[in-house]
Amino acid sequence: MPTPAQIEEQVQLERDQIRLGLKRLRENTRKLEEKSYASASIYGVASIDALLPKLVQRIEETNSRIHERKNGVAFKEIKQYLADVEPLAAAAIALKITFDKVFSVKKGSDQLAEVCDSIGSAVEAECQMRHYEAKAPGLLATLKENYWHRSIGTQQKITVIRTLMNRYDVEQWPAWGRANRVKLGAWLLDCIIQTSGWFDKKMIREGRKTTNLIVPTPEFLEIKDKVIKDAELFAPLAWPMLIEPNDWTNDRAGGYLLNEVMRGHTMVRRGNDARIQGEIPITFLNTIQKVAYRLNPFIVGVAEELSRLERSVGKFLPIIHHDLPPKPFDIAENYDSRKDYRRRAAEVMNLNAQEFKRSCRTRMTMEAVARFKNVEKFFIPWSFDYRGRAYPIPAFLTPQDTDFGKSLLLFYEGAYLTPDAEGWLAFQVATTFGLDKATLTERLEWVSNNITLITAVATDPIGNLTEWENVEEPWQFLAACEEYYHCVVVADRQFTSLMVATDATCSGLQILAGLARDKSTARLVNVLPGDSPQDAYKVVAEACRPHCPEVIQPHMDRKTTKRVVMTVPYNAKPYSNRSYIREALKEKGVEVSKEDLTQVVKAVRDAMNYIVPGPMAVMKWIEAEVAAAIKAGKTHLEWTTPSGFVVHQKLMKKQVESLNLQLLGRCKVSVATGDTDEVDLNHHKNATAPNLIHSLDASLLHLSVLRFAAPIALIHDSVLCRATDMSTLSTVVRETYMHLFAEHDYLRDFAKQIGAESEPPIIGDLEPESVIESTYFFC
């Protein structure tokens, strides 16, 4: 039990989370307004989302009256300029510019003429880019790739493209002229004012000068204040805790102590709060919340030094400053020299801006490190997603982080080092180096043959940076080398706290093999014992190779088929299969025609039907039965997993329109024009098999954790524990899988729960008891 002093310390930490979260929200809002980018603020995004459908309808109604000659003189003059942009694009552009201008802190930004001209200019810029896309699509794509920087502004982008298009003699854009831009902008602005009631025109006098401004109405200011207040309720930062989190129950929220921090955090994310969850999953969640962690001082020290040196390694991306070029001595009087300097300086400034954006996650991680580096131990509050998988509530300093983030963590409680533990530490060293497909013997031999490398990395990581920065998981490799060096090589450390990770072998196929009792698939994904790890990706590649176009056959290896084999159990369709194979071949420098790609995809899927018949049949059966259930009137699907977790899958259709903009934002704006009361049949068909798999691999871990009396962490279908405990945990997971599928006929249970009309396709030649002897089931 925590002491009163410890509770007070945690309460103060949570108050800091509230204070800093509010400060960050307000600073971000202020910075966006200073940069004339209020459309990206909390209130801007929410307001534009709400108004966009109404504004689109207003513009569409105007267009529909064109043929009735009822548009009025104002629209008659500018309708030609809206011919090349659909109403949704025009509305999105107009709203973005209006919010950016009206709420900017820059003087004069909210003047009527400025707002109208800016809206018209933005619409013209979009039309101009579409003009270039129609006239020279390949050239435009090349120019964007080579000359656009994410950090430069919209106007600079259009200037760059216009200049280069003229250089390549592409048909010039017929400029609209300011008068026409202002008329177009004024009409769109009037549509916004009439539709929303959020903005108004205000005349002010300064001496003899009269200025017209666009200002928010009192009604909108009330809306803005409410949106910001609502956002502030969910602003507190989510950090690890200094004491054990509150236990979850069906009646009371667990996790943080203060209600202000717990807003927005429920036991089941996107689930049905009215559902009562079983005792086992809740006990599981409370168990993993009691695991204590601490920061790895070795990794923290290396990260701080590399930050000082401005050196990136893997996912560790500190701010890297690039110095501006020196000014030429004749910059004042030499035009060419001045122009060349400005160009080179602009490139450096763009690069610095990009470096700052790229470093965002690393900077936030190091902020959390600074807060917790002197903390003796901390805990992580967890919650479920609606399939039963466990996720940390904090975003940083958790096991479900990047390679760098994971390397920062150690279990607080060390375990005495045993000979068996030495082998698992070696396993972690070799696996993070990149030998995850090698046999256990090969991994241990590699470590024995590379003691010099391990010692060099562990004792002088900065001086030997080139030896570890390019391995598969460099930061976890670094942490593993340091632990192995001290525990085994020099043996000056008798207890180990390192998190050693083992993963399921293609867990989707493992679960489906158990459901279908499919022996051939089970052997292929290491459910059954073998002398070496099986490679399903390689087997599929070899089987489909003869049926692929001859020119592609030499390139059909495990790397080409891997993503398809991984994702088909999660209901990936031929369209996504095409993109995965195209990308894999492109990495090999191979371009594939549409016809050949179609043949390759068919060959891969046909091979899977032959090699993993049980899983393929189960997925097809699930899709058919789900379609029948929805057509029969079900509005949602619900099933209870073997651990007692209730999965509630409710997927309703949304009316959504999307458009692609060349210049604004991230080039894509989506708007939900409303929810419907219609069940999304296709979404249910595509989502049920993956969600069933996820719910069962989650159930496997719920049951396993309760049989494992040692610190444990989870990453979806991967488990992490101390090297001393890994053999025990591996046995527990295998035994739990055996009980899950040997003692339960879960596919038939699932069929009853969703009201299936036909018998599930069960092959029945697998004896799950055999998994007990499988070395590579979790490895």
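Bear in mind that the values here come from a model prediction, so they are computed numbers and not experimental data.

A. Structural detail: the packing of aromatic side chains. Applying the stated criterion across every chain yields a total of 25 aromatic pairs. A centroid spacing of 6.2 Å and a plane angle of 90 degrees characterise the contact between Trp 239 and Phe 372, whose relative ring orientation is edge-to-face. Of this pair, Trp 239 sits in the loop between α9 (218-233) and α10 (259-262) while Phe 372 sits in helix α14 (residues 360-372), placing them 133 residues apart in sequence. Exposure remark for Phe 372: the relative accessible area of 0% places this residue in the buried category. Of the aromatic side chains, those joined through ring pairs into one cluster are Tyr 43, Phe 99, Phe 103, Trp 198, Phe 199 and Phe 220. The ring centre of Tyr 43 lies 4.6 Å from the NZ or CZ of Lys 224, which sits over that ring.

B. Up close: the layout of surface pockets. When its volume is computed, the second largest pocket comes out at roughly 1,400 Å³. Asp 436, Lys 437, Asp 503, Ala 504 and Lys 562 are, among the 45 residues lining the second largest pocket, the residues nearest its centre. In terms of residue class, the lining of the second largest pocket is built from 14 nonpolar, 16 polar and 15 charged.

C. Quick look at unusual backbone geometry. One non-glycine residue, Glu 310, lies in the positive phi region at around 55 degrees. One can find Glu 310 in the loop between α12 (297-309) and α13 (335-358). Here Glu 310 falls in the partly exposed class, since its relative accessible area comes to 26%.

D. Quick peek at empty space enclosed by the protein. Summed over the entire model, instances satisfying the criterion amount to five cavities of 30 Å³ or more. If you add up the space inside the largest cavity, you get close to 80 Å³. Around the largest cavity, the lining residues are Lys 406, Ser 407, Leu 409, Gln 428, Gln 476, Ala 479, Ala 480, Leu 498, Met 499 and Leu 720. The set of elements that each furnish at least two residues to the lining of the largest cavity consists of α15 (403-407) and α20 (474-489). By residue class, the composition of the lining of the largest cavity is six nonpolar, three polar and one charged. For the second largest cavity, the calculated volume is near 50 Å³. Around the second largest cavity, the lining residues are Phe 284, Gly 388, Arg 389, Ala 390, Ala 698, Leu 701, His 702, Leu 714 and His 716. The leading source of residues in the lining of the second largest cavity is helix α28 (residues 681-705), at three residues.

E. Quick peek at the side chain of Ser 407. The topology assignment puts Ser 407 in helix α15. The exposure class assigned to Ser 407 is buried, which follows from its relative accessible area of 3%. Within the structure, Ser 407 has its side chain in polar contact with the backbone oxygen of Phe 404 (distance 2.7 Å). Leave out the neighbours within four places in its chain, and Ser 407 touches Asn 296, Ile 299, Trp 475, Gln 476 and Ala 479.

F. Representation of the nonpolar core. Ranked by internal contacts, the top residues of the largest apolar core, which has 158 residues, are Tyr 293, Trp 468 and Trp 475. If near-sequence neighbours (up to four positions away) are discounted, Trp 475 is found in contact with Ile 299, Val 302, Ala 303, Leu 306, Val 313, Phe 316, Asp 403, Phe 404, Ser 407 and Trp 468. Counting 58 residues, the second-largest nonpolar core is a separate cluster that includes Leu 143, Met 165, Leu 184 and Ile 193.

About the thresholds
Residues numbered from 1 in each chain as written. Predicted model: local features only at pLDDT ≥ 70, side-chain atom pairs only at ≥ 80, totals over all residues. Heavy atoms only, no water. Phe/Tyr/Trp six-rings, centres within 6.5 Å; stacked < 30°, edge-to-face > 60°. Helix = DSSP H or I, 4+ residues; strand = E, 2+ residues; numbered from the N terminus. Buried < 20%, exposed > 50% of the residue type's maximum accessible area, 1.4 Å probe, protein only. Lys NZ or Arg CZ within 6 Å of the ring centre and 35° of its normal. 1 Å grid on protein atoms, 1.4 Å probe; cavity = no way out; pocket = protein on both sides within 12 Å on 5 of 7 lines; lining within 4 Å. Points joined across faces, edges and corners; volume = space filled by probe spheres on them. Nonpolar A, V, L, I, M, F, W, Y, C, P; charged D, E, K, R; others polar. Polar contact = N/O pair within 3.5 Å; in protein donor to acceptor, adjacent residues only side chain to side chain. Contact = heavy atoms within 4.5 Å. Core = buried A, V, L, I, M, F, W, Y, C linked by side-chain atoms within 4.5 Å.

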